[in-house]
Structures are given as C-alpha cells and as structure tokens.
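Summary of structural features
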Protein chains: 2
Amino acid sequence: MAEVNAPEPPHVALKDEAVAWFRDLQARLVAAFESIENAGDSPLPPRRFVRTPWTRPGLSGGGEIALMHGRVFEKVGVNVSAVSGSFDAEFRRQIPGAEEDSRFFAAGISLVAHMQSPHVPAAHMNTRLVITTKGWFGGGADLTPMRPEAPESVADTAAFHVALRAACERHDADYYPRFKEWCDRYFFLPHRGEPRGAGGIFYDHFFSGNAAADFAFTRDVGLAFLDVYPRIVRARMGRAWGKAEREHQLIRRGRYVEFNLLYDRGTMFGLRTGGNPDAILMSLPPLVRWP
Amino acid sequence: MAEVNAPEPPHVALKDEAVAWFRDLQARLVAAFESIENAGDSPLPPRRFVRTPWTRPGLSGGGEIALMHGRVFEKVGVNVSAVSGSFDAEFRRQIPGAEEDSRFFAAGISLVAHMQSPHVPAAHMNTRLVITTKGWFGGGADLTPMRPEAPESVADTAAFHVALRAACERHDADYYPRFKEWCDRYFFLPHRGEPRGAGGIFYDHFFSGNAAADFAFTRDVGLAFLDVYPRIVRARMGRAWGKAEREHQLIRRGRYVEFNLLYDRGTMFGLRTGGNPDAILMSLPPLVRWP
C-alpha cells in the first residue's frame, strides 16, 4: 500500500509480521487438531488436514485452505489468506478509508469447526488485518454448543469466556466487556430472535491508536482459542450420542448457515471482493437439516 | 389500502379475488402432489400435507404453510399468505411506491419441492400481488435438475419451458423471451459464476397497465406449473438411484441454500417485513451437504 496518497497507517509496517503470525497460528491449530484426531476413540481411522493453496483473478496474493474431514472433527477448516485488490464502486462506500482510494490489503486466519459429536460445541475463530487508507485489526472467537442450556455446555461456555477474558485483560480492562457485548450483538439472528451460539468476543475496525499493541492483542486472542478449544473438545468427545441428538445437531447447524449467509460481514466481504468461494464458504457445516 | 392518500392502484379491486385464487391454486397443487405420493413406488407409506396457519405480531392477516415430507417429495411446501403491514424506514426506500406511504398489502403463493430422487428436478413456483401506493403482480417458476446436462434433464427442461411459453403467449408475445431472460439473470450465483438451475420465467414489479390482464396472466403461470411439473415428477420418480447420485444431490442443494439466503429478494422481503421465518425458510432443502 506504499502507493496510497496519504500518511500511511502504522499497520503497513506490520504486514509481513502479521502474515507470518497468521501462518504460524494456522500451523499450531492444525497440529493441535490432528493430535486430537489421533486421540479420538472411534472405529474410523484418524484423518489429516488437506491443504489447498489458491489464487484468484483480480487479486494479488492468495491463501491456503487447510481442511480436515475427521472422526472427531466432522469438518474443520483453518484458512489463511493475504491478498491485495480493489473494492468495487458500491462496496467501497461501506469500508472505512476506502472512499478515498479503493485499494486494500487484507490478511487473516479463519477457523470453523463442526464436530461429529453433538456433545462437542462447534467453534469459530477469525482474526485479520485490513489496510485501506486506514488500518485496523478485527476478529474474535465464539462457541456454539448444540444445547447451550445443558450443564456441560454451561461449563464449556464458562471456560471459553474465562480464556478470552484473560487474553483481553492482559491488554485493556475494557476489552472483554466491550467485545463480549459486541459478539452477542453481532452473532444474532433477528428473523429467529435467537443468538447463534453462546458468545465469545468480537471486534472489528479496531484501532486503539497503537497498531503494535492491537497486533499483540490479536495474537493473544488466537492463543487463547488455541488453548481453550482443544481442552473443551477433549473433555466432551468421548461421550456417546444417539440419533435424536444427531438430528438436533443437524437442525442447529441450519441456524449457523442462516447467520453466515444472511448476515455475516466476513462472508459478504469475501464474496464481494472476489475472494475464493470455497475458502469463504468453508464455514458451512458438512451436513445440515431444515425439517 | 383504502386509507392511502393517492389515486388507488387498480389492483386494490382485485385483492379478494387474488387471495381466493392463491388458496384455490394451493388446494389444486396439494391434491396433485398427494396423488403422486399415492402413486409412488417405495416401501414407505404415502404421506399427506400438514397445514399450519400462522399470524405474526405487527402484521394483520396471516398465512398457511402446507408441508409434506413424503416418499416421493422429500420436502415440499405450498404456502399461501395475505398480510398487511408497514415497511420500516430503511426498507421502504427499496420498494416501489412505499416512499410516500409505508403501508403495504402482499398476498401470494409460494411452492418449493425437494425430491427424494436425484433424478427428479427440484422446482419452485411463486406468484404474488403487492400493493403499496402502486400495485403489481410478480412471480415465476423455475426448474432445478441435479444434472442439467443429462439427456432426461434436457428433456424435462424443454417440457417445462414449453408449458411456460404457452402460458406467456396467451397474453403477450414479448412475455416469454423477456421473463425467461429475467429468470436466467435472477437465479444466478455470482460468487460461483453458476445458474441456480435450468431456468423458467421470472417477473416482478410488473404492471402492464391492465391489472386484470396481469392477474389472468399470473393465474396462467400457476396453471402451467400445475400441469407440467407433476408430469415431470411422474416420468422420473420410478428410476432407481445410488449413493453417489444422492451425494451429488445433497451438494447441489447447497447451491439452492446459498442463492436463497444470499440473494433471493423474496426471502429478504419476508424476513425484513416481519414475516414468518418458518414459512419463508420452508424453501430450504431437508438435507444438505457442504463437503
């Protein structure tokens, strides 16, 4: 973005380091999930991630989908991308700093896990750096138990929030309450009057005034997720389930699809900027029922 | 809409007759599909439609979902509704004639059929009357074979278009080419560069200057669908299929969901105007795979 006619946002100096971080976090998450896959107790063999690099016409840079269809993880994607391009005329009006210059840089990591067991919550984690004539970090992590009111789900949700709260509090006492509330507001299906899941944190277009500090916070969000979600999966994956629980899981997954296609800003951003639909729609569950 | 301060659109005089027509067409479609269900050749028993009337806070009037989960029709909904309400401030700017007065009347029939057999095309038909300070009819019908290039699908698609063309040509020589092209443009997934199906006709915000003639045309669209789609189902439903064909069908259904939630105007209209989400999302397939 050195060509942009304006004082450069300080985020430009962090681009390479951020891209390297997203790759590093991807590698750690892949290793953690493959290790869980090995530990799974199932007649099926453990599975591995399959990596598919991609580029797209009209975008420089590209990304990599790492996707596993396993015996514990029914479908889990851990995608990274780092692309530069131009927003179209209509879309740039919706993006901070893009009115002046349509060019953008966007890099990030995006993870969605849909589990075989209805007792293991689905999860989402995504962090990103976006640079237009402005720069910001954004992201978050949230948990989707199939029965949020069940005692195990309440415990998992509490552990998840404890981990994210700790990551937030290392940086600013305001972050956790602010970003938790933002998450509750964001992951909500107005047509159902229902939250998508049990929350977490969400932040976007975020620049505290110190880009390096925001990057450190963004790294800690990823590390908190890397710590807590595998613990939740290991604690719940051994429990047996039956047909009724599976059916309920398939129906709950429909809400996930409804949210992602009707309301999710990241999905819209990706599809509208010519991103790879296979990478963007990796978030959609492997099997879904609308009864 | 007698309260609207403007010369009433001539559609107001057709409201009762249109509502009665949508109900009548629903009854005929339900009868035709239950008769096919009886003729199905399967160890499962034939099933029947279940009717669920609904009302919604903030809307006067209501609707009825008629839904069948059968041995031929895996999931088929034939919904009618007739409601009056008010558009919210943001939405009314997108609706013809609603800038001046936010009140609207909308009545229609909406049908989506997802079939057990991957050899039987899915189908959609929807016609409606909408009145703001303006009035119009809209709707259409389109066919979604799972493998549009297969010879049987080419034949089914041809038969479907012949029926719709005949309905159009009874009214205006321009309708079929115009509304066929509109359908191809409308039922398209830009993020995939793919059409949703094999087309049909689509028209919206349509007022020829003669509301009674537009109503007669709208009736003929429904009758053409009532004639041709049951014939296609009967011709294809007996053919055996295997696991690979079923898997392909489940994946193709994902495209249907993507279109309906990302782009469909009717879905958006319903959800944004406080419609019944169960009725609106009846269009979503019973089981879907995103691999």
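For the structure itself, look to the data block above.
This section reports on the structure supplied with the text. (Residues numbered from 1 in each chain as written. Chains lettered and ligands numbered in written order. Predicted model: local features only at pLDDT ≥ 70, side-chain atom pairs only at ≥ 80, totals over all residues. Heavy atoms only, no water.)

1. What about the overall build of chain A?
Put simply, the rule reads: Helix numbering and strand numbering both begin at the N terminus, where a helix is a DSSP run of H or I of at least 4 residues and a strand a DSSP run of E of at least 2. Atoms counted for the radius of gyration: C-alpha only. Globule rule: 2.2 Å times the number of residues to the power 0.38. A simple rule labels every residue: compare its accessible area, found with a 1.4 Å probe on the protein chains alone, to the largest value its type can have, and call it buried under 20%, exposed over 50%, or partly exposed in between. The contact rule is simple, with two residues in contact once any of their heavy atoms fall within 4.5 Å. The protein chains shown are the only cover counted for residues, whose accessible areas, like all others here, come from Shrake-Rupley with a 1.4 Å probe. As used throughout, the charge tally considers Lys and Arg to be positive and Asp and Glu to be negative, leaving His and the chain termini uncounted. Charge placement uses NZ in Lys and CZ in Arg. For Asp and Glu, CG and CD serve respectively.
Along the backbone of chain A there are 8 helices and 10 strands. Relative to a compact globule of 291 residues, whose C-alpha radius of gyration would be 19 Å, chain A shows 19 Å and is just as compact. Across its three principal directions, the C-alpha atoms of chain A cover 60 × 40 × 40 Å. Put simply, chain A has 291 residues, and 59% of those count as buried. When contacts within chain A are restricted to residue pairs at least 6 apart in sequence, those whose partners lie at least 24 apart make up 68%. Accessible area of chain A: about 11,700 Å², with a carbon and sulfur share of 54%. Within chain A, one finds 35 positive and 34 negative side-chain charges whose respective centroids are separated by 5 Å.

2. Quick word on the packing of helix H3 (residues 151-169) of chain B against helix H4 (residues 175-186) of chain B
Residues and elements named next belong to chain B. Applicable threshold: Throughout, an axis means a line fitted to C-alpha atoms (over the contacting stretch in the case of helices), and angles, computed between N-to-C directions, take values from 0 to 180 degrees. Convention used here: angles under 35 degrees read as roughly parallel, angles over 145 as roughly antiparallel, angles from 65 to 115 as roughly perpendicular, and any remaining angle as oblique. Side-chain classes are defined by residue name, with Ala, Val, Leu, Ile, Met, Phe, Trp, Tyr, Cys and Pro counting as nonpolar, Asp, Glu, Lys and Arg as charged, and the others, Gly among them, as polar.
For the pair H3 and H4, the least separation of the axes is 8 Å and the interaxial angle reads 130°. By the criterion of interaxial angle, the relationship of H3 to H4 is oblique. For the pair H3 and H4, the contacting residues are His-161, Leu-164, Arg-165 and Cys-168 in the first and Tyr-175, Tyr-176 and Lys-180 in the second. A class-by-class count of the residues in the contact of H3 with H4 yields 4 nonpolar, 1 polar and 2 charged.

3. Overview of the pairing of strand E2 (residues 60-68) of chain A
Residue and element names in this part refer to chain A. Short version of the rule: Note on pairing: two strands pair once DSSP finds at least 2 bridges between them.
Summarising burial for E2: 7 of the 9 residues are buried, a large majority. Relative to E2, strand E1 (residues 50-54) runs antiparallel, the two being bridged by 5 bridges. The residue of E2 that forms the bridge with Arg-51 is Ala-66. What sits between E1 and E2 in their antiparallel hairpin is a turn of 5 residues, with Gly-58 showing a positive phi close to 90°. In this structure, E2 lies alongside strand E3 (residues 73-86), joined through 7 bridges in antiparallel fashion.

4. Focus on the sheet that holds strand E6 (residues 135-144) of chain A
Residues and elements named next belong to chain A. Within the open sheet, the 7 strands sit side by side as E1-E2-E3-E4-E5-E6-E9. Their pairing is antiparallel. Bordering the open sheet on either side are E1 and strand E9 (200-206), each of which pairs with just one other strand. Pairwise comparison of adjacent strand axes, ignoring direction, gives a mean angle of 10° for this sheet. Relative to strand E5 (residues 122-131), strand E4 (residues 103-115) runs antiparallel, the two sharing 9 bridges.

5. Here's the deal with the relation of the copies chain A and chain B
This is how it is decided: Superposing the copies works by least squares over the C-alpha atoms of residues that have pLDDT at least 70 in both of them.
The two copies are related by a screw motion: chain A maps onto chain B through a turn of 180° and a shift of 0.0 Å along the axis, at an RMSD of 0.0 Å. With respect to symmetry, the two chain copies, as superposed, fit the operation of a two-fold axis. When the interface residues of chain A are mapped onto chain B, 100% of them again lie at the interface, so the same face is used by both copies.

6. Observations regarding the packing of helix H6 (residues 243-262) of chain A against helix H6 (residues 243-262) of chain B
Angle between the axes and distance between the axes are the two parameters that describe a pair of packed helices. Just so we agree on the cut-off: Note on convention: the crossing is left-handed when the near helix lies turned anticlockwise from the far helix by less than a right angle, right-handed when the turn is clockwise.
Relative to each other, H6 of chain A and H6 of chain B sit at 55°, their axes nearing to 8 Å. The angle between the axes of H6 of chain A and H6 of chain B places the two elements in the oblique class. Of the two elements, H6 of chain A crosses H6 of chain B, and the hand of that crossing is right-handed. Here Val-257, Glu-258, Leu-261 and Leu-262 of chain A of H6 of chain A lie close against H6 of chain B, whose contacting residues are Val-257, Glu-258, Leu-261 and Leu-262 of chain B. Classifying every residue of the contact of H6 of chain A with H6 of chain B gives 6 nonpolar, no polar and 2 charged.

7. With respect to unusual backbone geometry
Residues and elements named next belong to chain A. Not every positive phi belongs to a glycine, and His-205 is a case in point at roughly 50°. Looking at where His-205 falls in the secondary structure, it is placed in strand E9. Residue His-205 is classed as partly exposed on the basis of its relative accessible area of 36%.

8. Digging into the packing of aromatic side chains
Centre-to-centre distance and the angle between the planes together describe a pair of aromatic rings. To keep it simple, the criterion reads: Side-chain rings of Phe, Tyr and Trp (the six-membered ring for Trp) are treated as a pair once their centres are within 6.5 Å; stacked means planes under 30 degrees apart, edge-to-face means over 60, and tilted covers the remaining angles.
One pass over the full model with this rule turns up 52 aromatic pairs over all chains. Each ring, one from Tyr-203 of chain A and one from Phe-217 of chain A, has its centre 5.0 Å from the other, and the planes form 55°; the classification is tilted. Note that Tyr-203 of chain A is positioned in strand E9 and Phe-217 of chain A in helix H5 (residues 211-236), a separation of 14 residues in sequence. In this structure, Tyr-203 of chain A and Phe-217 of chain A share a single accessibility class: buried. Centroid distance Phe-179 of chain B to Phe-217 of chain B: 5.8 Å. Interplanar angle 40°. Geometry classified as tilted. Of this pair, Phe-179 of chain B sits in helix H4 while Phe-217 of chain B sits in helix H5 (residues 211-236), and the two are 38 residues apart along the sequence. Neither residue differs from the other here; Phe-179 of chain B and Phe-217 of chain B are each classed as buried. By way of ring pairs, the aromatic residues Tyr-175, Phe-179, Trp-182, Tyr-186, Phe-187, Phe-202, Tyr-203, Phe-206, Phe-217, Phe-259 and Tyr-263 of chain A are connected into one cluster.

9. Comments concerning the sheet that holds strand E9 (residues 200-206) of chain B
Residue and element names in this part refer to chain B. Read from one edge of the open sheet, 7 strands run E1-E2-E3-E4-E5-E6-E9, paired in antiparallel fashion. Both outer strands of the open sheet, strand E1 (50-54) and E9, are each paired with one neighbouring strand and no more. Shown here is a sheet whose adjacent strand axes are inclined to one another by a mean of 10°, direction ignored. Both strand E5 (residues 122-131) and strand E6 (residues 135-144) contribute to a ladder of 10 bridges, which runs antiparallel. The residue of E6 that forms the bridge with Asn-126 is Gly-140.

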